[in-house]
Amino acid sequence: MDNEEMIKNYTAGIARRKISPPDIVCRNCHQKPVSYELHETRKRQMRFFLGDIVTVMVSFLLRWQCPLCNSTFTEL
Ligand SMILES: [Zn+2]
């Protein structure tokens, strides 16, 4: 799967709300909640090389919120 296809699949998954919360320890409270809550989505332009050409695609960055300490973070 190339970068273009990965970004398209990722963006389509967000549009269909088929997204999984991260399975990580919170960086603020150092605990692992049962699940993070989706806080917001931000539109982001991504540039990458497609052969010799720089291609720009629009996708989304997800911001999650820890239900234990209410801190938010961006999933990159
Ligand atoms: Zn936390």
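Student: Teacher, can you tell me more about the sheet that holds strand β3 (residues 72-75) here?
Tutor: Hydrogen bonds along the backbone pair up the strands of a sheet, which may run parallel or antiparallel. Within the open sheet, the three strands sit side by side as β1-β2-β3. Their pairing is antiparallel. At either end of the open sheet lies a strand with only one pairing partner, and these are β1 (37-50) and β3. For this sheet the average axis-to-axis angle between neighbouring strands, irrespective of direction, equals 25°. The pairing of β1 with strand β2 (residues 53-65) spans 13 bridges and is classified as antiparallel. In the strand pairing of β2, Phe49 is matched with Val54.

Student: Hey, could you run me through the pairing of β1 in this one?
Tutor: The side chains of a regular strand alternate between both faces of the sheet. Among the 14 residues in β1, zero count as buried, and that is only a small part of the element. Where β1 hands over to β2, the hairpin turn is made up of two residues, of which Gly51 adopts a positive phi near 75°.

Student: Explain unusual backbone geometry here, please?
Tutor: Of all residues except glycine, most have a negative phi; of all peptide bonds, most are trans. Of note, the phi angle at His30 is positive, near 60°, even though the residue is not glycine. On the secondary structure map, His30 appears in the loop between α1 (3-15) and β1. Judged by the 9 C-beta atoms lying within 10 Å of it, His30 is exposed. If you check the backbone angles, Asn70 has positive phi at about 65° while not being a glycine.

Student: Help me understand the pairing of β3, please; the structure alone is not making it clear to me.
Tutor: By the bridge criterion, four bridges tie β2 to β3 in an arrangement that is antiparallel. Counterpart to Trp64 in the pairing with β3 is Phe73. The antiparallel hairpin formed by β2 and β3 contains six residues in its connecting segment, where Asn70 sits at a positive phi of about 65°.

Student: Looking at this structure, how should I read the environment of Gln31?
Tutor: Assignment of secondary structure puts Gln31 in the loop between α1 and β1. Note: C-alpha distance between Gln31 and Leu68 (37 residues apart in sequence) is 8.0 Å. Residues within four places of Gln31 in sequence aside, it is in contact with Val25, Cys26 and Leu68.

Rules used throughout
- Residues numbered from 1 in each chain as written.
- Predicted model: local features only at pLDDT ≥ 70, side-chain atom pairs only at ≥ 80, totals over all residues.
- Pairing = 2+ DSSP bridges.
- Helix = DSSP H or I, 4+ residues; strand = E, 2+ residues; numbered from the N terminus.
- Axes fitted to C-alpha atoms, helices over the stretch in contact; angles between N-to-C directions.
- Buried ≥ 20, exposed ≤ 12 C-beta atoms within 10 Å, placed from the backbone.
- Contact = placed C-beta atoms within 7 Å.

Geometric values such as these leave the question of function open.
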